[in-house]
Amino acid sequence: MNTIEAVYTQITAITDAEIQKLVHDPIELLTRVIQPVLWLMMFGEVFARVRGIPTGSIPYESFLVPGVLAQSALFIAIFFGISAIWERDLGILYKYMMSPAPREALVLGKALAAGVRGLTQAVMVYIIGLLIGVGLRVTVPAVLGMAVMIVLGSAVFCTFSLIIACIVKTRERFMGIGQVLTMPLFFASSAIYPISLMPSWLHVLAMINPLTYQVDALRLFMLPGYQTSFGLGTDIAVQVGVFAVLLAIAARMYPLILS
Amino acid sequence: MVSARVDDVPEVAIEVTDLTKRFGDVVAVRGVSLRVPHGIVFGLVGPNGAGKSTTVKMLTTLTPPTSGSARVAGFDVRRSPVEVRRRIGYVPQMQSADPDLTGFENLLVYARLYALPRANRRRKILDALHLMDLGDVRDRLVRHYSGGMVRRLEIAQSLLNEPRVLFMDEPTIGLDPLARHMVWERIKHLRAGLGTAIFMTTHYMDEAAELCDRVAFMSEGKIAGEESPSDIEARYGTGMMLDDLFIRYTGGNMLVEERAAAP
Ligand SMILES: Nc1ncnc2c1ncn2[C@@H]1O[C@H](COP(=O)(O)OP(=O)(O)O)[C@@H](O)[C@H]1O
Ligand SMILES: [Mg+2]
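## Digging into a nonpolar patch on the surface
(1) Moving on: Taken together, the side chains of Ile34, Leu38, Met41 and Met42 of chain A make up a nonpolar region of the molecular surface, amounting to roughly 390 Å² of accessible area.
(2) Moving on: Mapped onto the secondary structure, Leu38 of chain A falls in helix H3 (residues 34-50).

## Observations regarding the pattern of salt bridges
(1) Moving on: Applying the stated criterion across every chain yields a total of 25 salt bridges over all chains.
(2) Moving on: For Glu170 of chain B, the salt bridge is made with Lys52 of chain B, and the minimal N-O distance between the two is 3.7 Å. Here Lys52 of chain B lies in helix H1 (residues 52-59) and Glu170 of chain B lies in the loop between strand E7 (165-169) and helix H6 (177-194), a separation of 118 residues in the sequence. Across this residue pair, the class does not change: Glu170 of chain B and Lys52 of chain B are buried.
(3) Moving on: Here the residues in one salt-bridge network are Glu18, Lys21, Glu87 and Lys110 of chain A together with Asp98 of chain B, joined through shared partners.

## Some remarks on the coordination of the magnesium ion (ligand 2)
Residues and elements named next belong to chain B.
(1) Moving on: The protein atoms that coordinate the magnesium ion (ligand 2) are Ser53 (OG) and Gln93 (OE1), at distances of 2.1 Å. Here Ser53 is found in helix H1, whereas its partner Gln93 is found in the loop between strand E6 (88-91) and helix H3 (103-113), with 40 residues between them in sequence.
(2) Moving on: You can call Gln93 partly exposed: its relative accessible area is 31%.

## What to know about the pairing of E7 of chain B
Residues and elements named next belong to chain B.
(1) Moving on: Counting buried positions over the five residues of E7 gives five, a clear majority of the element.
(2) Moving on: Burial along E7 is two-sided: Val165, Phe167 and Asp169 facing one way and Leu166 and Met168 facing the other are all buried.
(3) Moving on: Where E7 and strand E8 (residues 197-202) come together, five bridges link them in parallel fashion. Looking at E8, one finds that Leu166 is bridged to Ile198.

## Overview of the nonpolar core
(1) Moving on: Of all hydrophobic cores here, the largest spans 158 residues; its most connected members are Ile14, Val72, Phe167 and Phe199 of chain B.
(2) Moving on: When residues of this core are assigned to their parent elements, the largest contribution, 16 residues, is made by helix H4 (residues 60-89) of chain A.
(3) Moving on: Dropping the residues within four chain positions of it, Phe199 of chain B is found in contact with Ile14, Leu34, Val36, Phe42, Leu44, Val56, Leu59, Leu166, Phe167 and Met168 of chain B.

## Quick notes on the interface of chain A and chain B
How big an interface is tends to be expressed through the accessible area that disappears when the partners come together.
(1) Moving on: Counting residues at the interface gives 29 residues for chain A, matched by 32 residues for chain B.
(2) Moving on: Note on chain A versus chain B: buried area summed over both sides is about 2400 Å², and carbon and sulfur give 66% of it.
(3) Moving on: In this assembly, chain A and chain B are joined by two salt bridges.
(4) Moving on: Of the charged contacts in the structure, one is a salt bridge between Asp98 of chain B and Lys21 of chain A, with a shortest N-O distance of 2.7 Å.
(5) Moving on: Linking chain A with chain B are six residue pairs in polar contact (both at pLDDT 80 or more).
(6) Moving on: Elements supplying a minimum of two residues to the side of chain A that touches chain B: helix H1 (3-24), H4, helix H5 (92-98) and helix H6 (103-131) of chain A.
(7) Moving on: Examining the composition of the side of chain A that touches chain B, we find that eleven residues originate from one element, H1 of chain A, more than from any other.

## Some words on the confidence of the model for chain B
Low-confidence regions, as indicated by low pLDDT, have predicted coordinates that should not be scrutinised in detail.
All names here are of chain B.
(1) Moving on: Per-residue confidence for chain B gives a mean pLDDT of 88; residues scoring 70 or more make up 90%.
(2) Moving on: Per-element mean pLDDT across chain B ranges from 48 in helix H10 (residues 254-261) up to 98 in H3.
(3) Moving on: When the criterion is pLDDT under 50, residues 1-7 qualifies, and its contacts beyond four places in sequence or with other chains add up to zero contacts.
(4) Moving on: Across the interfaces of the predicted complex, the ipTM metric reaches 0.91, alongside a pTM of 0.89.

## Topic: H1 of chain B
Residue and element names in this part refer to chain B.
(1) Moving on: Counting buried residues in H1 gives six out of eight residues, a clear majority hidden from the surface.
(2) Moving on: When H1 is considered as a whole, its buried residues turn out to be Lys52, Thr54, Thr55, Val56, Met58 and Leu59.
(3) Moving on: A positive phi of about 70° marks Thr61, the residue just after H1.

## Some thoughts on the sheet that holds strand E10 (residues 222-227) of chain B
Residue and element names in this part refer to chain B.
(1) Moving on: Spatially, the six strands line up as an open sheet ordered E6-E7-E8-E3-E9-E10, and their pairing is mixed. What marks the edges here is a single partner per strand, and that holds for E6 and E10. Averaged over all pairs of adjacent strands, the angle between their axes in this sheet comes to 15°, without regard to strand direction.
(2) Moving on: Here helix H5 (residues 147-159) sits on the sheet and contacts E6 and E7; the angle it forms with E6, its principal contact strand, is near 165°.

## Observations concerning the site of ligand 1
Residues and elements named next belong to chain B.
(1) Moving on: Residues in close proximity to ligand 1 include Phe23, Ala28, Pro47, Asn48, Gly49, Ala50, Gly51, Lys52, Ser53 and Thr54, which together make up its full environment.
(2) Moving on: Between ligand 1 and the protein, one listed contact pairs an oxygen atom with a backbone N or O atom of Gly49 at 2.7 Å.
(3) Moving on: Across the complex, the protein chains shield 59% of the 560 Å² of accessible surface that ligand 1 would expose by itself.
(4) Moving on: The biggest single contributor to the shell around ligand 1 is H1, with three residues.
(5) Moving on: Classifying every residue of the shell around ligand 1 by side-chain character gives four nonpolar, five polar and one charged.

Quick notes on the rules
- Every chain is numbered on its own, with residues counted from 1 as its sequence reads.
- Chains and ligands are labelled sequentially in the order written, the chains with letters from A and the ligands with numbers from 1.
- In keeping with the model being predicted, local features are shown solely for residues with a pLDDT of at least 70 and side-chain atom pairs are shown and tallied solely at 80 or more, while totals for entire chains, interfaces and linings include all residues.
- Excluded from the side-chain calculation are hydrogens and water; included are all heavy atoms of the structure.
- Residues forming no salt bridge and having over 30% relative accessible area are the ones grouped into patches, like charges within 9 Å of each other and nonpolar side chains (Val, Leu, Ile, Met, Phe, Trp, Tyr) within 5 Å.
- Accessible surface area values rest on a Shrake-Rupley calculation with a 1.4 Å probe, where residue burial reflects the displayed protein chains alone.
- A pair is scored as a salt bridge if a Lys or Arg side-chain nitrogen falls within 4 Å of a carboxyl oxygen belonging to Asp or Glu.
- Every helix listed is a DSSP run of H or I at least four residues long, and every strand listed is a run of E at least two residues long, numbered separately from the N terminus.
- Relative accessibility thresholds used throughout: buried, under 20% of the residue-type maximum; exposed, over 50%; partly exposed, between the two (1.4 Å probe, protein chains only).
- Metal donors: N, O and S atoms at distances within 2.8 Å, or within 3.2 Å for Na, K and Ca, with water omitted from the atom set so that some sites may seem incomplete.
- By the convention used here, strands pair only if DSSP detects at least 2 bridges between them.
- Throughout, nonpolar core names a set of buried Ala, Val, Leu, Ile, Met, Phe, Trp, Tyr and Cys residues whose side chains join them through atoms within 4.5 Å.
- Contacts were defined at the residue level, with two residues in contact if any of their heavy atoms lie within 4.5 Å.
- What gets called buried area is simply the loss in accessible area from a 1.4 Å probe that two parts show on being joined, summed for both.
- Distance and chemistry together define a polar contact, namely a pair of N or O atoms within 3.5 Å, with one atom able to donate a hydrogen and the other to accept it when in protein, and with adjacent residues in sequence counting only for side-chain atoms on both sides.
- Each residue carries a pLDDT score, the predictor's own confidence in it, on a scale running from 0 to 100.
- Here the axes come from fitting lines to C-alpha atoms, over the contacting stretch only for helices, and the angles between their N-to-C directions go from 0 to 180 degrees.
- Summary of the distance rule: residues count as near a molecule or strand when at least one heavy atom falls within 4 Å of that molecule or strand.
- Amino acids are sorted into nonpolar (Ala, Val, Leu, Ile, Met, Phe, Trp, Tyr, Cys and Pro), charged (Asp, Glu, Lys and Arg) and polar (every other residue, Gly among them).

Now the structure itself:
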């Protein structure tokens, strides 16, 4: 087996294990649908009625859908840190680290698994979106573009979360810090309102937040007539760049979660 | 006389020189030196806290030594950790199988992490499961396995890459007597069929006597002595048992003296 093939096998070993768990216990996925439903049907409906948020030619209900999708993928990806701590406590991670697989492969496997979980959310959000009558692009290229953006964004936040787990090391501390990080990530982004509305300090935060770029690209692929804020090239470059840096850090730090 | 070829498999499986590990103020392992030849079962025995698990973690590249050196399967654990990992199997003291996957799926993850060729992956997994007597339960979630089954699954897992050196840290800790004997049977079976070195730790003397060709007694981070269970009586007199030596080496020698004083 050549090196590339071996590394591919190692990455997908981790991803497939996560997928197998979803197959054994799909109920968990269904519980994940509640949050986007609440956001779209309650928050979205009310704020659309208020008409206080300028979203150009796009109705607010539509504007919100990619943001809510990104949010639910974000929450799932952030969960991977705590699940790594859990796997450490069960002894599973010791065995992973004992294998000859490069740490990068172990991290990438988790990142891709977060992407797969994110895609299951996408399926559900599309269904809700269509049910509540939001106009979504459902052409093959648009859906593929959306899928790539979900996987990319999930990979970014999953890797970020693994780094946090390697630093805090316990479930309790992760719970605390997870809350503290996830909410600002979500609100300091373009997920639920255009960043042009933000006060300048928040605007700066939103501009360095990868979620902003993920949501911008998602809107491009999901909403007919959406004009990107930064351009698709920038959206992708920012996320790929951030992911590369996080992957390098996470691969170095991963063994620290054991001690 | 035939001279040994330089590129032969190294005749020693494990060679440890002055290995030391500190955790802050705690010195868990203090200058341990050991030599383990191929093809034997070597037992590191000693009470809880003696430093056995820490020694195994250094030998399996999980934790770096503070000082000293160790070669395992011909490679230095510090300089070539990946080469060592390719050639060893490890059954940790703590359970490590994934409860949310089946036995087969657990092994598949490792077969792929070891990058075993796709063509014989399935065959090897099934062989390992059969060897550990788990063929019938391979598609059951591990959360429904008994403690003994999980242990045997972990041993199966550690065999997938056909290790030169197999490490087992307290392989029967927490198992009921029946499950223990079943694990013992499997370990003996391995030893007969494999030609690898097995390095195990235990604090049960009956286990060491049953399985090990050679034992080293560890106490407070140091090796206090080495013995071969099979010739203890020849060396120390009839009635002398591994338990007595354990006590002599690892704390007080009351029992040995009592026995000597008895008529
Ligand atoms: N990660 C660690 N941090 C601090 N102390 C440790 C750590 N691991 C082990 N020790 C200490 O090192 C000593 C030896 O432990 P261990 O190797 O687990 O012994 P054994 O396996 O023989 O029971 C103990 O005093 C234990 O508390
Ligand atoms: Mg131990």
